[in-house]
Structures are given as C-alpha cells and as structure tokens.
Amino acid sequence: MADTRSPIEQRRILNTAIPGPRSLALNARRTAAVSAGVSAQLPAFIERAQGSVLLDADGNQLIDLGSGIAVTGVGHSHPKVSAAIAAQAYDFVHTCVMVTPYEEYLAVCEELNHLTPGSFEKRSMLVNSGAEAVENAVKIARLATGRQAIIVFENAYHGRTNLTMALTAKNNPYKDHFGPFAPEIYRVPMSYPYRDGLSGAEAAARAISQIEILVGASNVAAVLIEPIQGEGGFIVPAEGFLTAMTTWCSDHGALFIADEVQSGFCRTGQWFASEHEEIAPDIITTAKGIAAGMPIAGVTGRAEIMNAVHPGGVGGTYGGNPVACAAALATINVMRDENLNAKALVIEEVLTTRLAKLGIDLECVGDVRGRGAMVAVELVKPGDSKEPDAALAKAIVASCAEQGVVVLSTGTFGNVLRFLPALTIEENLLSEGLDVVEEAVRTLGA
Ligand code: PLZ
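Here is what the cut-offs are and how they apply
Residues numbered from 1 in each chain as written. Predicted model: local features only at pLDDT ≥ 70, side-chain atom pairs only at ≥ 80, totals over all residues. Heavy atoms only, no water. Helix = DSSP H or I, 4+ residues; strand = E, 2+ residues; numbered from the N terminus. Buried < 20%, exposed > 50% of the residue type's maximum accessible area, 1.4 Å probe, protein only. Domains from an automatic or database assignment. Buried area = accessible area lost by both parts, 1.4 Å probe. Salt bridge = Lys/Arg side-chain N within 4 Å of Asp/Glu carboxyl O. Axes fitted to C-alpha atoms, helices over the stretch in contact; angles between N-to-C directions. Parallel < 35°, antiparallel > 145°, perpendicular 65-115°, else oblique. Left-handed = near helix turned anticlockwise from the far one by under 90°. Contact = heavy atoms within 4.5 Å. Expected span 1.5 Å × (residues − 1). Arc of directions from axis to C-beta.

Novice: Is there a simple way to think about unusual backbone geometry in this case?
Specialist: The general pattern is negative phi for most residues beyond glycine and trans for most peptide bonds. Of the consecutive residues Ile 18 and Pro 19, the connecting peptide bond is found in the cis state with omega at -5°. For Pro 19, the location among the structural elements is in the segment before helix 1 (21–33). A cis amide bond links Gly 179 to the next residue, Pro 180, at an omega of 10°. Looking at the secondary structure, you find Pro 180 in the loop between helix 6 (162–167) and strand 6 (185–188). Within the chain, Ala 292 stands out as a residue other than glycine whose phi angle is a positive 55°. Relative to the elements of secondary structure, Ala 292 occurs in the loop between strand 9 (283–286) and strand 10 (297–302). The class of Ala 292 is buried, set by a relative accessible area of 18%.

Listed below in structure tokens is the structure:
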C-alpha cells in the first residue's frame, strides 16, 4: 500500500517547546499506565518518522542522531522496507517456523551466512532480540565445546535477560538488585586505549593472563566480545587486541563470539566491525540494523558448531517471524543498492573532523573515537585527571533535545556522547544537527 500523505521534509522544525503540550499530556498518561522501570530519555511522543526526522505529537520535527540506538541505519520508514513489511503482512504474519517453515527465514539465514566474515561453511538461526541472540550463542558454544566458562570484558553490554545481565558489566541501571546472576561467567580487562595506554598486544596479554590464572584455558567455552563496545562507550580496542584474542581461542579450543548487535550492518563502514581487523569469529550475533526496526536477531556460526545442537534444542515461538524477515531482506538490499558502507565512511569523516576540532578548542573533550557512523566523544573534567564528566554529557543531551536534536549518551561512566545517525542522512541535516551539538558543547563545556 502506498503512503499518500506528504513526505516529511528532512529539516528541523521547532513548533512548541520540546516536549510540547500534547506530549506532556501523553506523558502524564504514560506515568499513570507504564511501569516506572521503563524510562524515556526525551518524552516527545512520535507520530511519524521518515529518513532522519522524527515528527512529534506537537508538530515538532526532530533530527535523529541516534537511530533508535543504532537500528534504523537505512533511515526511518524506508519506502522499500515499509512496502516489504506491508506485502508480507498481507501474505501471512505467522506460522511458527518450528511448525511449518517459510522461504523468508532461510533467505535471511543465507544472507547472514554470506555477509558475515569467514569463508568457512556456516549456519544461522533467528530470534527476536539482541539479548536472545547472545543467550543462544552462549548455549550453543557450551554445548559444542562441552565446556562452561564464558569470558566477557570490562564495559561489556550484552542484554538484560538473566544470562545476559550476568554478561553485562555495568550494575546500575542494568543489574542492580536483579540478581542472583548466572554462574560460570568471568570478566577480564578490556583494551581501552584512551584510559590504559596499552598496545593491542599488551592489553591482550593482560586479559589472557587473567583467563589462564583465574579460569584455566581448558575450561573456556567461549570468549565473548563486542568488536567495538557500544553501551560501554564506543570503545575501539587497540589494533591487534581482537586478533590476539582470536588466536588464543583457536590455540586453546575455545570459541570466539563477536557480539555485533550494535556494530553490525554497515554501521562502521563494513558489513561487520570484525572486518576492520580481518578476524573471522566462530559465532556472530546480529540484531538492530538488520531489519530497520522490526524485531529480529541472528546467530551465525561455523556449520559444525551450529549443527552440534540436537534437533529442537533451540528455537522459540516468534523467532524469524515472516514480517521481520521480509523487513530484513529489504533492509539488506537497500544497504547493498545504496552502498551504505561507503556512506558510513563519509559520515565518519564529517563527524570526526568536526568533533576533533572541538577537542582542540575544549579541554572537556577527552577523546574522539569510533568507526563509520559509530562515533563518540568522551567528556572529562578539565586538567589531566581524565575524570569522567557524566553531568556534562547529561546537560548536553538535554540541551540538544530542547533544540530538536536527539543525541544519546553512553559509557560505563555515563560521560560519552555517541553519534549513530542513519547511514542515509542528508549531509546538510547532519551538519545542522552537529551545529546544535557543537553549540551545546561549547556553551556547557567551556
Ligand atoms: N548486544 C552489543 O548493544 C543492545 C540497549 C539499550 P536487545 N544495546 C542497546 C538498553 O538500555 O536496553 C545490545 C547491544 C549489544 C546486545 C544487546 C541487546 O540487544 O535487542 O536490546 O536485547
């Protein structure tokens, strides 16, 4: 079905204060109906969204530099994705793939097997969320190796279910009072070049020595890592760190699992962030960008590992739902057709150039880092202490929101501004959004 309404112009419009009166009224209903545990960073209620613009209930048009946390990489409501969703909804919405299968599910698995790094034979399975993908990767790794220990890293984020809470590093808000947590999970130091100053080889030696002393190599089922940490603060490990970890894994019969839920699908200027270091993980988890907002996630790995599971050993009612699969197939085609890896690299250039300039002018900008359209600024207190400045990050995010620009913060210390624009964002819109951010950083961080 074609949308006959006029398209949303790709520009910022401030019609009322943000949030405006209609959003405030909805927010009162939200407070009365929705669990207080579900937060909203900016309670401007969205009625429509297209490209990189969110239209709220008061007629404001916000520039979206967060893409719903790295999800709408092809932009909001891409016409080809929306059409695929509508068409599939007319054909059928659900059968449960474990009852009667359908082609869309296997077509997504074929794409995943083909697009993920590693020239070996692969198999995939589909689930509903990033956390569910990570849980299944851990289940499969334990079964395939006959071992139990899972190695995770400082600053890691892998989800909010019971097992993935245990894998996630940060206590508040993710874990506080939600225990007990799953056993046999061991956390080791991450490579964090801005804060540890170590080379990739040195950071890997530090992590490996802890694994060998505290866990013992022969107990390790898998090393699980985000090739670029997302919620931890867009931490890009020093060159060589990931390669050294993969080598250690293959030398000791442990699997290397890359959690590419946030960094995958053209976000970093490659299909997967693992490709920047030319590593081929044994298992990769994907979600978010794969389907532009429909809930679907994947676990892809070496055929012998994925096939080690007994028939019926993994699954779920909705995993790889046909509508979500249709969205994923359309999204992947848009990424190919519109060459979004190349666009991510153009965005990287714009973001890093502007933010690095801010860093020269302002002491509060401690570090600018990231790849492609996954770039962040780490904010610190003046002086050489590198003391995190979470209050400043919060104030900048709030000021941008008032000005109609959605920017997200992140980081173990809450002091990182992260930029995750759609890969399709028009250059002048990105530049207008960054003007607002820059003004806020210069005013609040001076
Ligand atoms: N692995 C690397 O980034 C989700 C979390 C937002 P789900 N990150 C956004 C929040 O506060 O809940 C994420 C991720 C990585 C796994 C996940 C989990 O993905 O789809 O949110 O379950």
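Novice: Looking at this structure, how should I read the environment of Gly 313?
Specialist: Looking at the element boundaries, Gly 313 is found in the loop between helix 10 (303–306) and helix 11 (322–337). A C-alpha to C-alpha distance of 9.6 Å links Gly 313 and Lys 139, two positions 174 residues apart in sequence.

Novice: Before we go on, may I ask you to explain the domain arrangement of the protein chain in this structure?
Specialist: The extent of an interface is frequently quoted as the accessible surface area lost upon association of the parts. Under the domain assignment, the protein chain is made up of domain 1 (21–77 + 340–445) and domain 2 (81–337). For domain 1 versus domain 2, the separation of C-alpha centres amounts to 25 Å. Taken together, the two surfaces of domain 1 and domain 2 that pack against each other cover about 3000 Å², and 56% of this comes from carbon and sulfur. The largest per-residue losses of area from domain 1 upon contact with domain 2 belong to Asn 341, Arg 371 and Met 374, which jointly make up 25% of the total buried on that side. Seen at the junction of domain 1 and domain 2, the total is 2 salt bridges. Ionic pairing is found between Glu 231 and Arg 418, a salt bridge with its closest N-O pair at 3.0 Å.

Novice: In this structure, what is going on with the packing of helix 13 (residues 390–402) against helix 14 (residues 427–444)? I would like to understand it.
Specialist: What describes two packed helices is the angle between their axes and the distance between those same axes. Interhelical geometry of helix 13 versus helix 14 gives an angle of 135° and a closest axis separation of 9 Å. In this view, helix 13 runs oblique relative to helix 14, as classed from their interaxial angle. Where helix 13 crosses over helix 14, the two elements pack in a sense that is right-handed. Across the interface between the two elements, Leu 392, Ala 395, Ile 396, Ser 399 and Cys 400 of helix 13 pack against Val 436, Val 437, Ala 440, Val 441 and Leu 444 of helix 14.

Novice: Would you mind showing me how to read helix 8 (residues 200–214) here?
Specialist: An α-helical turn contains 3.6 residues, so a residue and the one three or four places further along point in the same direction. The end-to-end C-alpha separation of helix 8 is 21 Å, in line with the 21 Å expected for 15 residues at 1.5 Å each. Buried residues of helix 8: Gly 200, Ala 203, Ala 204, Ala 207, Ile 208 and Ile 211, and no others. The buried residues of helix 8 occupy an angular sector of 130° when the element is viewed end-on, so they sit on one face. Exposed positions of helix 8 whose direction lies more than 90 degrees from the buried face are Ala 201 and Ile 213. Looking at the buried side of helix 8, the elements it contacts are strand 5 (149–153), strand 6, strand 7 (220–225) and helix 9 (241–252). Just past helix 8, the residue Gly 216 takes up positive phi, approximately 90°.

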